[in-house]
Amino acid sequence: MLSRSELQGVVSGYLERRQDYLDIAAKNQVPLYLLESQILRARARRFKQAFEDSVAGPVSVYYAVKSNNHPEVARILLEEHFGLDVSSGQELEVALGLGAEHIIFSGPGKTDKELSLAVQYASRVIVLMDSFGELERLRNITSSLNKDVRCGVRLMFNAKGLWCKFGIPTTDLGAFWKATGRCRHIQLTGLQFHSSWNLTATAQINYIQDLSEALDQLSESQISRLTFIDIGGGYWPEQGEWLQPAGTVAGKILDALGQGDEGDDRHYHLPAISIEEFARQLGEAADTYIFPRMHCRICLEPGRWICNDAVQLLISVVDKKAPDLVITDAGTNAVGWERFETDYFPILNLTRPSLSERRCRILGSLCTPHDVWGYAYFGEDIQPGDILMIPAQGAYTYSLRQRFIKPLPKLIKI
């Protein structure tokens, strides 16, 4: 359960800047996304420092562009000496246009056109190959262009369910390396894996141990050619995951039975460790399982942890249909999915602030019943014209927005 004191502590931190947010809303038409560049820079510096302090070898950090693909986010992080992790030709074009010199191109199903673009900019791009088929197509492209390209190979983290779409099984590593030997222009210099939604470092540590055993498939000569191990991203912000009752296992069962209660005012909390603790534990795992076998750079691909807290969403109340029901000027097409039916974020009434949370269905203006912002707000009251803020909407919201019925908010950077 999310404690009331912890929740109020987070809310009070935002309310301290209430007037700043209201001034921005007065100067710019809401709804809007508010990108706070100083928060983004602080997160970037803290992340880098944590791993540089804890990992014995050199460290490179690549921002996962898919988590928030606004070009200004990537531009700021380039200024903070991040590389960029892209997952499509579209993202690669943006990264190249921003002048990024250090790019990792990951993701399954890369087209020949996308691979050709990466090869054309081989001095700036490392291709993380996802399959034997992709290796063969990349071999043909590099041969036709007569260009060398640096590559890594993604290793399958989880062979169960739909996660099997990513990478090759670790048992195929030896065969994959042998296949690259027939590719004159492909320089295989690294290995990558990725685990998502990490509240702790346990899954990553376990895989690093498995990776150490997978290296037994390679000769000492082959291992000596590896210059990097990329341990991916998936670091959850340290406040943990906050859930509506419907986001819990019990809530999903009740909902399936038709007994869900949207009026349940309890908030649920899955705790996460700090990024410093992530770095400490992963640094120890590298010391134990990687560095005794090889000297290499450790690469990281954070997304959510970096941008989550840096974007706030400002909306306003348009209509009050009942004491416990209001309609806002923004729809959840601004975040791209029915996020707030399961995920909990506090809704702050900046116009009538309070540290008390009051029950109220706060719904959007889309012509669909799944247009839900939340079931309560922090404030003394709520009326048409009030400015509401939903904080920490920087990750997997802006990138997923969709042009459905209503226009999308613009983004303001401060």
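Being a predicted model, the structure only gives us computed values, none of them experimental.

Student: Mind showing me how you'd approach the sheet that holds strand E5 (residues 125–129) here?
Tutor: Sheets are built from strands paired through backbone hydrogen bonds, the pairs being either parallel or antiparallel. With parallel pairing, the 8 strands of this closed barrel are ordered in space as E2-E3-E4-E5-E6-E7-E8-E11. On average, each strand axis in the sheet is inclined to that of its neighbour by 30 degrees, with strand direction left out of account. The sheet contact formed by strand E6 (residues 149–154) and strand E7 (residues 186–192) spans 6 bridges and is parallel. Bridge pairing in E7 links Gly 152 to Gly 190. Helix H7 (residues 132–145) contacts E5, E6 and E7 of the sheet and is inclined by roughly 145 degrees relative to E5.

Student: Is there a simple way to explain H7 in this structure?
Tutor: Note on helix geometry: an α-helix contains 3.6 residues per turn, so any two residues three or four positions apart are oriented the same way. The first and last C-alpha atoms of H7 sit 20 Å apart over 14 residues, in line with the 20 Å expected at 1.5 Å per residue. Check the buried side of H7 and you find it contacts helix H6 (112–120), E5, E6, helix H8 (173–180) and E7. The opening residue of H7, the one whose side-chain oxygen lies 3.4 Å from the backbone nitrogen of Gly 133, is Ser 131. Positive phi appears at Asn 146, one or two residues downstream of H7, with a value of about 55 degrees.

Student: What is the right way to look at the packing of aromatic side chains in this model?
Tutor: This structure, assessed with the given rule, holds 15 aromatic pairs. Each ring, one from Phe 47 and one from Phe 51, has its centre 4.9 Å from the other, and the planes form 35 degrees; the classification is tilted. With a gap of 4 residues between them, Phe 47 and Phe 51 both fall in helix H3 (residues 37–54), about one helical turn apart. Taking the centre distance of 5.1 Å and the plane angle of 35 degrees together, the rings of Phe 157 and Tyr 207 count as tilted. One end of the pair, Phe 157, is in the loop between E6 and H8; the other, Tyr 207, is in helix H9 (residues 202–214), and 50 residues separate them in sequence. Using a relative accessible area of 27% as the deciding quantity, one classes Phe 157 as partly exposed. Judged by its relative accessible area of 6%, Tyr 207 is buried. Here the aromatic cluster, defined as three or more aromatic residues joined through ring pairs, consists of Phe 47, Phe 51, Tyr 235, Phe 278 and Trp 305.

Student: What is the right way to look at the pairing of strand E2 (residues 59–64) in this model?
Tutor: It is a general feature of regular strands that their side chains alternate between the two faces of the sheet. Most of E2 is tucked away, with 6 of its 6 residues classed as buried. Of the two faces of E2, the one carrying Val 59, Val 61 and Tyr 63 and the one carrying Ser 60, Tyr 62 and Ala 64 are both buried. Each parallel crossover has a hand, and the one from E2 via helix H4 (residues 71–79) to strand E3 (residues 83–86) is right-handed.

Student: Just checking my understanding: could you explain the state of the cysteines for this structure?
Tutor: The term disulfide refers to a covalent linkage connecting the sulfur atoms of a pair of cysteines. Following the criterion strictly, the structure yields 0 disulfides and no others. The thiol of Cys 151 is unpaired, and the distance to the nearest cysteine sulfur, on Cys 183, comes to 9.0 Å. Residue classification places Cys 151 among the buried residues on the basis of a relative accessible area of 0%. Free of any disulfide, Cys 299 has its nearest neighbouring cysteine sulfur in Cys 296, separated by 8.3 Å. Assessed through its relative accessible area of 3%, Cys 299 is described here as buried.

Student: Mind showing me how you'd approach the packing of helix H5 (residues 89–97) against H6 here?
Tutor: A pair of packed helices is characterised by two quantities: the angle between their axes and the separation of those axes. At their nearest, the axes of H5 and H6 sit 9 Å apart, and the two run at 25 degrees to each other. For the element pair H5 / H6, the angle class is roughly parallel. Viewed along their axes, H5 and H6 form a crossing whose handedness is left-handed. Residues Gly 89, Leu 92, Glu 93 and Leu 96 of H5 form the contact with H6, whose own contacting residues are Glu 114, Leu 117 and Ala 118.

Student: For this particular structure, what's the right way to read unusual backbone geometry?
Tutor: Residues other than glycine predominantly adopt negative phi, and peptide bonds predominantly adopt the trans conformation. A cis geometry characterises the amide bond from Val 30 onward to Pro 31, with omega recorded as 5 degrees. Note on placement: Pro 31 falls in the loop between helix H2 (18–27) and strand E1 (32–35). Although it is not a glycine, Ile 405 adopts a positive phi angle of roughly 70 degrees. Turning to its location among the elements, Ile 405 is positioned in the loop between strand E17 (387–390) and strand E18 (410–413).

Student: Teacher, can you tell me more about the side chain of Ser 116 here?
Tutor: By secondary structure assignment, the location of Ser 116 is in helix H6. A polar contact of 2.8 Å, which involves the side chain of Ser 116, links it to the backbone oxygen of Asp 112. Ser 116 has contacts with Ile 141 and Leu 145, leaving out every residue within four places of it along the chain.

Student: Could you clarify how one ought to interpret the nonpolar core in this entry?
Tutor: One broad rule of soluble globular proteins: the nonpolar side chains tend to lie buried together. By size, the foremost hydrophobic cluster in this structure holds 122 residues, and its most contacted members are Phe 51, Tyr 235 and Trp 373. Considering every element that reaches this core, the biggest residue donor is helix H12 (residues 275–290), with 7 residues.

Student: I tried to follow the pattern of salt bridges on my own but got confused; where do I start?
Tutor: Once their charged atoms are close, side chains differing in charge can pair, the charge on each being opposite to the other. In the structure shown here, the tally under the stated rule is 22 salt bridges. Notably, a salt bridge pairs Arg 293 with Asp 216, separated by 3.1 Å at the nearest N-O pair. You can see Arg 293 sitting in the loop between H12 and strand E11 (297–300) and its partner Asp 216 sitting in the loop between H9 and helix H10 (220–224), a full 77 residues away along the chain. Taking relative accessible area as the criterion, Asp 216 reaches 56% and is therefore assigned exposed. One network of salt bridges, in which partners are shared, links Arg 41, Arg 45, Glu 72, Arg 75, Glu 79, Glu 80 and Lys 413.

Rules used in this analysis
Residues numbered from 1 in each chain as written. Predicted model: local features only at pLDDT ≥ 70, side-chain atom pairs only at ≥ 80, totals over all residues. Heavy atoms only, no water. Pairing = 2+ DSSP bridges. Helix = DSSP H or I, 4+ residues; strand = E, 2+ residues; numbered from the N terminus. Axes fitted to C-alpha atoms, helices over the stretch in contact; angles between N-to-C directions. Contact = heavy atoms within 4.5 Å. Expected span 1.5 Å × (residues − 1). Polar contact = N/O pair within 3.5 Å; in protein donor to acceptor, adjacent residues only side chain to side chain. Phe/Tyr/Trp six-rings, centres within 6.5 Å; stacked < 30°, edge-to-face > 60°. Buried < 20%, exposed > 50% of the residue type's maximum accessible area, 1.4 Å probe, protein only. Right-handed = clockwise from strand over helix to strand, strands pointing away. Disulfide = S-S within 2.5 Å. Parallel < 35°, antiparallel > 145°, perpendicular 65-115°, else oblique. Left-handed = near helix turned anticlockwise from the far one by under 90°. Core = buried A, V, L, I, M, F, W, Y, C linked by side-chain atoms within 4.5 Å. Salt bridge = Lys/Arg side-chain N within 4 Å of Asp/Glu carboxyl O.

None of the figures reported here should be taken as evidence of function without further support.
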